[in-house]
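Examination of the molecular architecture
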Amino acid sequence: MSQELFKAEILPIRDKLYHIAKKMLVEEDEAEDAVQEILLKLWHTRNTLEKYDNLAAFASTVTKNHCLDRIKVLKRTESLNETHYIQETTENPYILLERKSTHDLLQKIIKSLPTLQQAIIKMKDIEEYEVEEIAEITGTKVDAVRVNLSRARKKVREEYIKLTTL
């Protein structure tokens, strides 16, 4: 597909794609980013787009799937924050304070780990990636990920116990 044909057939449906993304992602900035990424994907695959009868329908499906993936990633990246702990407004403030200080202490301990162990423990325990995915992302072997994860958890446990039993 030529640049002119791409401009003629894909760019006019940009607003439609934006409305789909906005409906799914709610925030305007997220929707705008998603549409930009989708247009870039479509541009990179422009040579194969001619096999689709209805480009607007295909682009809409790509947008929907991209937004679903983005929602999944956003849910994964919600780390340990106060919103997970607040169940009722009448909860004891001392318990809330203790949870916050525990969270802060754990974050401090994790930041003291070597960079690779930090990344692995965050991806596994906070973002809930599988070991195989972490190995692919970090460019290490699955066994190395398991060893680093084990060492990181052991170090966090030891440091936490040492700092809380003073």
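This one's a predicted model, so the numbers in the text were calculated from it and none came from an experiment. Residue numbering note: each chain is counted from 1, following its sequence as written. In keeping with the predicted nature of the model, local features appear solely for residues at pLDDT of at least 70, side-chain atom pairs appear and are counted solely at 80 or more, and the whole-chain, interface and lining totals rest on all residues. As a rule here, side-chain values come from all non-hydrogen atoms in the structure, and water together with hydrogens is ignored.

Turning our attention to the pattern of salt bridges. Two side chains carrying opposite charge are able to pair once their charged atoms lie near each other. Salt bridge criterion: a side-chain nitrogen from Lys or Arg within 4 Å of a carboxyl oxygen from Asp or Glu. Tallied over the entire structure, the rule returns 10 salt bridges. Across the pair Glu 32 and Arg 14 runs a salt bridge, and its minimum N-O distance is 2.2 Å. Here Glu 32 is found in helix H3 (residues 28–44), whereas its partner Arg 14 is found in helix H2 (residues 14–25), with 18 residues between them in sequence. Between Asp 104 and Lys 100 there is a salt bridge whose closest N-O contact spans 3.3 Å. Of this pair, Asp 104 and Lys 100 both sit in helix H6 (residues 93–111), four residues apart, roughly one helical turn. According to the relative accessible area criterion, Asp 104 is partly exposed, its value standing at 35%. Ionic contacts of the salt-bridge type, sharing partners, join the residues Glu 30, Asp 33, Glu 37 and Arg 70 into one network. Secondary structure elements are taken from DSSP: a helix is a run of H or I of four residues or more, a strand is a run of E of two residues or more, and numbering for both begins at the N terminus. Whether a residue is buried, partly exposed or exposed follows from its accessible area with a 1.4 Å probe, protein chains only, as a fraction of its type maximum: under 20%, in between, or over 50%, in that order.

This part covers the layout of surface pockets. One number sums up the size of the largest pocket: a volume of about 170 Å³. A cavity here means a set of 1 Å grid points, computed over protein atoms only, where a 1.4 Å probe fits but cannot escape. A pocket is an open set with protein on both sides within 12 Å along at least 5 of 7 lines, and lining residues have an atom within 4 Å of a point. Looking at the largest pocket, it is lined by 11 residues, and the ones nearest its centre are Leu 106, Ile 110, Ile 121, Asp 125 and Val 156. Elements with a contribution of two residues or more to the lining of the largest pocket: H6, helix H7 (115–126) and helix H9 (142–164). Ten residues, namely Ala, Val, Leu, Ile, Met, Phe, Trp, Tyr, Cys and Pro, are considered nonpolar, four, namely Asp, Glu, Lys and Arg, are considered charged, and the remaining ones, Gly among them, are considered polar. Taken together, the residues of the lining of the largest pocket sort by class into six nonpolar, two polar and three charged. Grid points are joined across faces, edges and corners, and a volume is the space filled by probe spheres set on the points.

This next bit is on the packing of aromatic side chains. Two aromatic rings from Phe, Tyr or Trp, using only the six-membered ring of Trp, form a pair when their centres are within 6.5 Å; if the ring planes differ by under 30 degrees the pair is stacked, by over 60 it is edge-to-face, and anything between is tilted. Under the defined criterion, the tally for this structure stands at one aromatic pair. Note on geometry: a ring has a charge over it if NZ (lysine) or CZ (arginine) is within 6 Å of the ring centre and within 35 degrees of the ring normal. Over the face of the ring belonging to Trp 43 we find Arg 46, whose NZ or CZ atom lies 3.8 Å from the ring centre.

The definition of a nonpolar core used throughout is a set of buried Ala, Val, Leu, Ile, Met, Phe, Trp, Tyr and Cys residues joined through side-chain atoms within 4.5 Å. Judged by nonpolar contacts, the single largest core of 19 residues is most densely connected at Phe 6, Ile 10, Leu 17, Ala 21, Val 35, Leu 42 and Leu 49. Among the elements that make up this core, the one with the highest residue count is H3 (six residues). Contacts are residue-level and defined by heavy atoms, with any inter-residue pair within 4.5 Å sufficient. Look past the residues within four positions of Ala 21 in its chain and what remains in contact with it is Val 26, Ala 31, Ala 34, Val 35, Thr 63 and Cys 67. Grouped together as the second largest cluster of nonpolar side chains are 15 residues, Ile 109, Met 123, Ala 135 and Val 145 included.

Further remarks concern the environment of Ile 109. Relative to the elements of secondary structure, Ile 109 occurs in helix H6. Relative accessible area serves as the criterion here: at 4%, Ile 109 is assigned to the buried category. For the pair Ile 109 and Val 156, spaced 47 residues apart in sequence, the C-alpha to C-alpha distance is 6.1 Å. Not counting residues up to four positions away in its chain, the partners in contact with Ile 109 are Val 156, Glu 159, Tyr 160 and Leu 163.

Attention shifts here to the environment of Leu 55. Within the secondary structure, Leu 55 is located in helix H4 (residues 55–76). Expressed as a C-alpha distance, the spacing of Leu 55 and Ile 10, which sit 45 residues apart in the sequence, is 7.4 Å. Residues contacting Leu 55, with those up to four places away along its chain left out, are Met 1, Glu 9, Ile 10, Ile 13 and Leu 49.

A few words on H9. Expected helix span is taken as 1.5 Å per residue step, with the number of steps being one fewer than the number of residues. A rise of 1.5 Å per residue sets the reference length of H9, with its 23 residues, at 33 Å; its end C-alpha atoms lie 33 Å apart and thus fit the reference within 8%. If you check which residues of H9 are buried, you get Val 145, Asn 148, Leu 149, Ala 152, Val 156 and Glu 159.

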